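Listed below are the residues making up each chain.
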Amino acid sequence: MLFGPRLTGLSRQHRNSLMSFSTQGIELKTRNEWLRQGIELLSSMRFAISLLTIICIASVIGTVLKQNEPVNNYVNQFGPFWSDIFIKLALNTVYSAWWFLLILAFLVVSTSLCISRHTPKILADWRVFKEGLRVQSLKAFGNRATGVMTENTVNAAARVVQQLQSSGWKVKTQVRETPNGEGVMIAAKAGAANKLGYLAAHSAIVLICIGALFDGDMVVRAQMWLGDKTVFKGNGLIADVPAENRLALNNPTYRGNMLVPEGAQASTVILSQSDGVVLQDLPFSVELKKFVVEYYNTGMPKLFASDIVIHDKETGEKIEERVEVNHPVSYKGVQIYQSSFDDGGSTIYANALPMGALTKPFKIEGVIGSSVPLVRENERLAVEFTGLRVINVENMAAAKMGADTAGSGADVRAVDLGTKLKNHLGSGSKSTRDEALQNVGPSFSYKLRDGAGQAIEFNNYMLPVGQGDQRVFLLGVRNVPSEPFRYLRVPVDENDSMNGFIALRAALADPQMRDTAVRRYMAEAGQGRTEAERINLETSATRILSLFAGADPWLDNAPSPGVGLNDRPMRLGGLSAMSYFLEQIVPADDRERTSDAMVNLLNALLLELTQVSREAGGLAPLPRTESSQAFLSQAVLALSDSFFYPAPMTFAMSNFDHVQASVFQIARAPGKTVVYLGCLFLIIGIFAMLYVRDRRLWVWLQPNANGETEAEMALSTNRRTLDGDEEFQQLSNRLLQVKP
Amino acid sequence: MTTANESTLASGLNQLMGDQEPKGYFARRSLADWLFAAVMVGAMAIAFALYHGAMDEYEKGILFGITPAAIALGWFWRPMARLMVGGAALAMLAIWLYQGPEGADLARAETVFLLKYFLSSQSAILWMCVTVFMSTAFYWLGMISRKNSDSMELLGSRVAWLSVVLAVVGTLVRWYESHQMGPDIGHIPVSNLYEVFVLFTWMTTAFYLYYESHYKTRAMGAFVMLVVSAAVAFLVWYTLVREAQAIQPLVPALQSWWMKLHVPANFIGYGTFAIAAMVAFAYLIKSQAQETNWWRLAPLWVLGVVLCFEPIVFRQSSQTGGTLYWVVYTAISAAIIAGILLGRRRIAERLPSLEVLDDVMYKAIAVGFAFFTIATVLGALWAAEAWGGYWSWDPKETWALIVWLNYAAWLHMRMMKGLRGTVASWWALVGLAITTFAFLGVNMFLSGLHSYGEL
């Protein structure tokens, strides 16, 4: 059976007696139809629910559509038409959109009206017992019981009142004349806190909304609409920003960021607005003594902390504090949070190493954030130092596993369930993942910007990465910030440096050295061959080396792999040039054989070229060892990839001075107290509404002709539950002394 | 106060009568209750005596505050007292077994038999997974079997209790183990997706077992344990395929006292919302038991499958392994739902009355809503410390708000308009879909500050 509507068939009077809430709005007694209907709508539950539904939908949009992105991102993602609509509707900043705030304001008004509508009723009801209820009305209630007791009415009434009072009911009685003598109507009530819960929970909504609206950027925006403040849209030093872009010291609420480099002080917070920034001066300045980062041995960050000194501008007081994530510092009503960190002006010392271009190495130094011009002949380039990372923790397992599998030939995926389960017994401390986390040392990033303003981003590691003979320097490149870096892997030489490879790369670009290498190769390989064979082999060797070097005139018409800086088209070279040659010249069924022969020849030639390059650099020839072999095989790949390297040189960091900066979030949010009070009310209110049942009970006792007492009992509650029914059952058994 | 216009009754109303009053709260306590209270107070005293040096004022306050709270909880529902004492005793046994000649040694988990196969955190949690599946199977056998229904359901209930005990032991032991890994690593195991799934499993099961004893019917277990089984299936996949079970230290943002409160409060919400949805599903099955039109049953099947599908839909975003696992998962869940629909007459016979189902649904949502409110408020308090603002419209926060508003509307409609029955049940089922998205989907699809449980 379903619970039907509880109150069907009740007269108007009984409805009131139950004080069931209506969900209709306030009905004003005014002749103005519009005002009356407007107020009724505003204070009705259906209006509040509609508002909440719109808030839900808007919130979903806000989580799906990335908020506060630059306009161009929306244009790229959705096209000009939709992005225009999104921005017109402020869907890119839903939560601070005027219509969203308007809905919240309406919600506040609606909820306030709802409270004001119910409060008088609740207060009136608070005092009323409704002991004057007609006996006839009891028959209409859902929970009803009757009984006949042997005691006389006086005793029965005394007992019932006593029992009710001792179980926490508030009781009032009314004596009425009946044909058989005096009867008593006992009216009792319990759980009035339920109604207070209603008030608490609903006023909580109002408090939370008001507090949060105040702490949002409404106040800041109001100062721009109504006051003389404007948004700053330019660039430049904070000190040069004029007063109309600065908010007053007594601004009650704001939230923004402040960057402080180590050893420096700052006292101006930057509040970002949708179309620029405004500045907020603080009554104190924050000096960063040191920014501390600690790591667990897994490479996960363990601590971000800033040791700061607060200099009070008024009193000149100095207060030392430590700001950590989860441990903000509060000073004069302003909260200082550890938000993130940045570079505070580290200096990079680097060597520029030519990548195939015929230039000499040179030294360069610069501060992060600065730009160093490189003007050479008619080519204009600038190095912009963009970042320094002192610690890079990488998972080295992936590379290692690949190597193991190649060696053993076993399928690593073949793990039987038994082994797997065994790995998952025992303590939770052991990881079964293939992880070999390792700090691979510092790296720095820079951009090369050409005369046309085009820039390519680079990310170079200072130290070689990997194990044993397979260690490589990682030189990362990317054209757009959204891409991951692609890495050129340069093998280390016997001195753990990049120089061996750089010399080899230079030799490959030098036609004379290539010729020398071919001649040396022929001196050995030419022995025991006929003249014709020798000429043939020498032609092939020269051709292959010039193809690999990208110098062969035949490649002039080959497709370019891309455009480098200063719009200089990159030239096909390396293994791609050789495979292009194969595809174009050699018939399909002959390619595999030819390709093998070409690669063998190339390896031999590159060995000679290495020796030539070392001789030119005054180094001993490469010994025929395993590590030389490893160097050579990696060098072939790196040389080949170097043709895709879009710059004529790379920068190898030799040293650095690390200076960090801490980014603080600075907030003044006086609305917080109101919001927290609202939260407290909300929790209390919800528990009271859900767990306190508001009940009213009437027991009508009247003597019958035999001197016994007839009892009729009814319970009204705002919510009927099985527990409530059971409680009534027990209550009626006790009060009416019905033996179960 | 009686302020009636008494006449002859005046004296009578003051008489003391009534000898059958219910006894007072303390008078109703049994010997076992007092024993339990003594054990808790003793445990508190020992903990204080041993470790007061390592505790700050807050922690001392919490220790003193939690003791009466635990006693009250144990008195409110006696099986809870047994769970607390039993779980703690087994966890202490595990800790004792971890002690080697030179102090605690986690390597003993590989050599000590009891630790290796039962009491170490991973073993206990694996056993928990097994027992949850077993319990679900027994409940369903009870549902289907014509002869042994009651005994099968009793078995299901007992095994469900076992899984709760194992989960609690696994959690406590894992907490201990994390502290043994390093002084800076130890933390309560509620910090990543693996740990919160264990939390979800035992909290949901425990809440269900409470309703089972309160309403004196075990027939809802078949439905509720299905959702717990789905969570455990996810946990098994997460462990075996993703290898995500290892204890990880806490990133700075999570190093906060609030985590201990915020996460469990949230999972009371998630767990009870899940119970409400499964009971709603049972309600719909029962109310449509006589339905013979397949097209009328189809929406129910579709929504059931959609709910099961939710984790898989999320899986699309990442490419790594385990596809076969999810194919099997899908096949099993679609078959189970089809089976439920096919056997709806028999199931309807077994299920308690619609009033009881409706009442459980309401109660579960009420508990969930209250705790979800607390969790969200705690989250706001925490966010104010960690992120610099109590509300920043982070996707997780926003979806928590949507979940909250959804159930707020449900409760409003029920209390104000008397919404019951089929519509309320459908709504509760849809509520679970929204909740699951807020719990899992947000972590996978939407970026934000709240990206701790990665998939």
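Keep in mind that what you see is a predicted model, and the values were worked out from it rather than measured.

1. Some remarks on the overall build of chain A
Part 1 of the reasoning: Scanning chain A from terminus to terminus reveals 18 helices and 25 strands.
Part 2 of the reasoning: On the principal axes, the C-alpha backbone points of chain A span a range of 145 × 70 × 50 Å.
Part 3 of the reasoning: Considering chain A as a whole, with its 740 residues, one finds that 31% of them fall into the buried category.
Part 4 of the reasoning: In chain A, once contacts between residues fewer than 6 apart in sequence are set aside, the share between residues at least 24 apart is 64%.

2. Quick look at the overall build of chain B
Part 1 of the reasoning: The helix and strand inventory of chain B stands at 16 helices and 2 strands.
Part 2 of the reasoning: A total of 455 residues make up chain B; the buried ones form 46% of that total.
Part 3 of the reasoning: Contacts spanning at least 24 positions in sequence make up 79% of the contacts within chain B whose residues lie at least 6 apart.

3. A look at unusual backbone geometry
Residue and element names in this part refer to chain A.
Part 1 of the reasoning: Phi at Asn 326 is positive, roughly 75°, even though this residue is not glycine.
Part 2 of the reasoning: Tracing the sequence through the fold places Asn 326 in the loop between strand E9 (318–324) and strand E10 (329–331).
Part 3 of the reasoning: Phi is positive for Lys 332, close to 50°, though the residue is something other than glycine.
Part 4 of the reasoning: Note that Lys 332 resides in the loop between E10 and strand E11 (334–343).

4. Looking at the domain arrangement of chain A
Part 1 of the reasoning: Here the domain parsing of chain A yields domain 1 (13–128), domain 2 (133–191 + 700–740), domain 3 (217–252 + 254–344 + 660–668) and domain 4 (348–403 + 434–657).
Part 2 of the reasoning: For domain 1 of chain A versus domain 3 of chain A, the separation of C-alpha centres amounts to 35 Å.

5. Digging into the interface of chain B and chain A
Part 1 of the reasoning: Taken together, the 76 residues of chain B in the interface contact 72 residues of chain A.
Part 2 of the reasoning: For the side of chain B that touches chain A, the secondary structure elements donating two or more residues are helix H1 (9–13), helix H5 (113–119), helix H6 (121–144), helix H7 (149–181), helix H9 (221–240), helix H14 (354–386) and helix H15 (395–417) of chain B.
Part 3 of the reasoning: Per-element accounting of the side of chain B that touches chain A gives the leading share, 15 residues, to H14 of chain B.
Part 4 of the reasoning: A per-class count over the side of chain B that touches chain A returns 40 nonpolar, 23 polar and 13 charged.

6. Description of the sheet that holds strand E19 (residues 455–461) of chain A
All names here are of chain A.
Part 1 of the reasoning: Read across the sheet, 6 strands follow the order E14-E15-E18-E19-E20-E21 without closing on themselves; strand pairing throughout is antiparallel. Among the strands making up the open sheet, the edge pair consists of strand E14 (371–376) and strand E21 (486–491). Within the sheet, the average angular offset between the axes of one strand and its neighbour, ignoring direction, is 25°.
Part 2 of the reasoning: Direction of pairing for strand E20 (residues 472–478) relative to E21: antiparallel, over a ladder of 6 bridges. Its bridge partner lying in E21, Gly 476 is registered against Tyr 487.

7. Comments concerning the sheet that holds strand E13 (residues 362–367) of chain A
All names here are of chain A.
Part 1 of the reasoning: The 3 strands are arranged E13-E12-E22 in an open sheet whose pairing can be described as antiparallel. Strand pairing shows two members of the sheet lacking a second neighbour, E13 and strand E22 (649–657), which therefore form its edges. Going from strand to strand, the sheet's axes swing by 30° on average, the running direction of each strand aside.
Part 2 of the reasoning: As defined by bridge partners, strand E12 (residues 347–354) adjoins E13 across 6 bridges and the pair is classed as antiparallel. Following the sheet pairing, Thr 347 is matched in E13 by Val 367.

8. Regarding the packing of H7 of chain B against helix H8 (residues 193–215) of chain B
When two helices pack together, you describe them by how their axes are tilted relative to each other and by the distance separating the axes.
All names here are of chain B.
Part 1 of the reasoning: It is at 9 Å that the axes of H7 and H8 come closest, and there the two elements cross at 145°. Like other packed secondary-structure pairs, H7 and H8 cross with a definite hand, here left-handed. Taken together, the residues of H8 that come into contact with H7 (itself represented by Ser 157, Ala 160, Trp 161, Ser 163, Val 164, Ala 167, Val 168, Gly 170 and Thr 171) are Val 198, Thr 201, Trp 202, Thr 205, Ala 206, Leu 209 and Glu 212.
Part 2 of the reasoning: By residue class, the composition of the contact of H7 with H8 is 9 nonpolar, 6 polar and 1 charged.

9. A look at the pairing of strand E25 (residues 709–717) of chain A
Residues and elements named next belong to chain A.
Part 1 of the reasoning: Burial runs high along E25: 8 of the 9 residues are buried.
Part 2 of the reasoning: In this structure, strand E1 (residues 143–149) lies alongside E25, joined through 7 bridges in antiparallel fashion. When the sheet's bridge partners are listed, Met 149 is paired in E25 with Thr 709.
Part 3 of the reasoning: Where strand E24 (residues 695–703) meets E25, 9 bridges bridge the pair, whose relative direction is antiparallel. Bridge pairing links Arg 696 to Ser 716 in E25.
Part 4 of the reasoning: The turn joining E24 and E25, which pair antiparallel and follow one another in sequence, is formed by 5 residues; a positive phi near 80° is taken by Gly 707.

10. Quick word on the packing of helix H3 (residues 45–64) of chain A against H15 of chain B
Part 1 of the reasoning: H15 of chain B packs onto H3 of chain A with a crossing angle of 160° between their chain directions and a minimal axis gap of 10 Å. Comparing the axis directions of H3 of chain A and H15 of chain B gives the class roughly antiparallel. Handedness of the crossing formed by H3 of chain A with H15 of chain B: left-handed. Only Pro 395, Thr 398, Trp 399, Leu 401, Ile 402, Leu 405, Ala 409 and Met 416 of chain B of H15 of chain B make contact with H3 of chain A, whose side of the interface consists of Met 45, Ile 49, Leu 52, Cys 56, Ser 59, Val 60, Gly 62 and Thr 63 of chain A.
Part 2 of the reasoning: Within the contact of H3 of chain A with H15 of chain B, the residues separate by chemical class into 12 nonpolar, 4 polar and no charged.

11. Focus on the pairing of E12 of chain A
Across a regular strand the side chains alternate sides, sitting on one face of the sheet and then on the other.
Part 1 of the reasoning: The pairing of E12 of chain A with E22 of chain A spans 8 bridges and is antiparallel. Bridging from a neighbouring strand, Leu 353 of chain A pairs with Thr 650 of chain A of E22 of chain A.

12. Overview of the nonpolar core
Residues and elements named next belong to chain B.
Part 1 of the reasoning: Core analysis: the largest hydrophobic core is formed by 151 residues, its most contacted members being Val 169, Met 278, Val 279, Met 361 and Ile 365.
Part 2 of the reasoning: In terms of residue count, H14 provides more of this core than any other element does, 22 residues in total.
Part 3 of the reasoning: Excluding residues that lie within four positions of it along the chain, Met 361 makes contacts with Ala 276, Val 279, Ala 280, Tyr 283, Ala 424, Ser 425 and Ala 428.

13. Some words on H3 of chain A
Part 1 of the reasoning: If you check H3 of chain A, its first and last C-alpha atoms are 29 Å apart, about what 20 residues at 1.5 Å a residue would give, namely 28 Å.
Part 2 of the reasoning: For H3 of chain A, the elements touching its buried residues are helix H5 (98–127) of chain A together with H15 of chain B.

14. As for the environment of Leu 425 of chain A
Part 1 of the reasoning: Within the element layout of this structure, Leu 425 of chain A appears in the loop between helix H10 (417–423) and strand E17 (437–439).
Part 2 of the reasoning: Look at Leu 425 of chain A and you get partly exposed, because 19 C-beta atoms sit within 10 Å.
Part 3 of the reasoning: Filtering out sequence-adjacent residues up to four positions away, Leu 425 of chain A remains in contact with Lys 116, Tyr 117, Ser 120, Gln 122, Ser 123 and Leu 126 of chain B.

15. Topic: the confidence of the model for chain A
Residues and elements named next belong to chain A.
Part 1 of the reasoning: When pLDDT is averaged across chain A, the result is 85; 91% of the residues are at 70 or more.
Part 2 of the reasoning: Low pLDDT, under 50, characterises residues 1–20; the stretch is placed with 25 contacts to residues that sit more than four places away or in other chains.
Part 3 of the reasoning: This stretch, residues 399–414, has a pLDDT under 50; its non-local contacts, to residues over four places away or in other chains, come to 5 contacts.

16. Thoughts on the environment of Gln 634 of chain A
Residue and element names in this part refer to chain A.
Part 1 of the reasoning: Position of Gln 634 among the secondary structure elements: in helix H16 (residues 626–642).
Part 2 of the reasoning: Residue classification places Gln 634 among the buried residues on the basis of 20 C-beta atoms within 10 Å.
Part 3 of the reasoning: Each C-alpha atom, one on Gln 634 and one on Ile 55, is 59 Å from the other, the two residues being 579 residues apart in sequence.
Part 4 of the reasoning: Contact partners of Gln 634, with chain neighbours within four places excluded, come to Val 472, Arg 489 and Pro 491.

17. So, the environment of Ile 308 of chain A
Residues and elements named next belong to chain A.
Part 1 of the reasoning: Along the chain, Ile 308 falls in strand E8 (residues 301–312).
Part 2 of the reasoning: In this structure, the C-alpha to C-alpha distance between Ile 308 and Gln 702, residues 394 residues apart in sequence, is 81 Å.
Part 3 of the reasoning: Not counting residues up to four positions away in its chain, the partners in contact with Ile 308 are Val 286, Glu 287, Leu 288, Lys 289, Glu 321 and Val 323.

18. Let's talk about the confidence of the model for chain B
Residue and element names in this part refer to chain B.
Part 1 of the reasoning: In the predicted model, chain B carries a mean pLDDT of 87, and the fraction of residues at 70 or more is 90%.
Part 2 of the reasoning: Long-range and interchain partners of residues 1–20, a stretch whose pLDDT sits below 50, account for 38 contacts in this model, where long-range means more than four residues apart.
Part 3 of the reasoning: The ipTM assigned to the predicted complex is 0.90, against a pTM of 0.84.

What counts as what
Residues numbered from 1 in each chain as written. Chains lettered and ligands numbered in written order. Predicted model: local features only at pLDDT ≥ 70, side-chain atom pairs only at ≥ 80, totals over all residues. Helix = DSSP H or I, 4+ residues; strand = E, 2+ residues; numbered from the N terminus. Buried ≥ 20, exposed ≤ 12 C-beta atoms within 10 Å, placed from the backbone. Contact = placed C-beta atoms within 7 Å. Domains from an automatic or database assignment. Nonpolar A, V, L, I, M, F, W, Y, C, P; charged D, E, K, R; others polar. Pairing = 2+ DSSP bridges. Axes fitted to C-alpha atoms, helices over the stretch in contact; angles between N-to-C directions. Left-handed = near helix turned anticlockwise from the far one by under 90°. Parallel < 35°, antiparallel > 145°, perpendicular 65-115°, else oblique. Core = buried A, V, L, I, M, F, W, Y, C linked by C-beta atoms within 7 Å. Expected span 1.5 Å × (residues − 1). pLDDT = per-residue confidence, 0-100.

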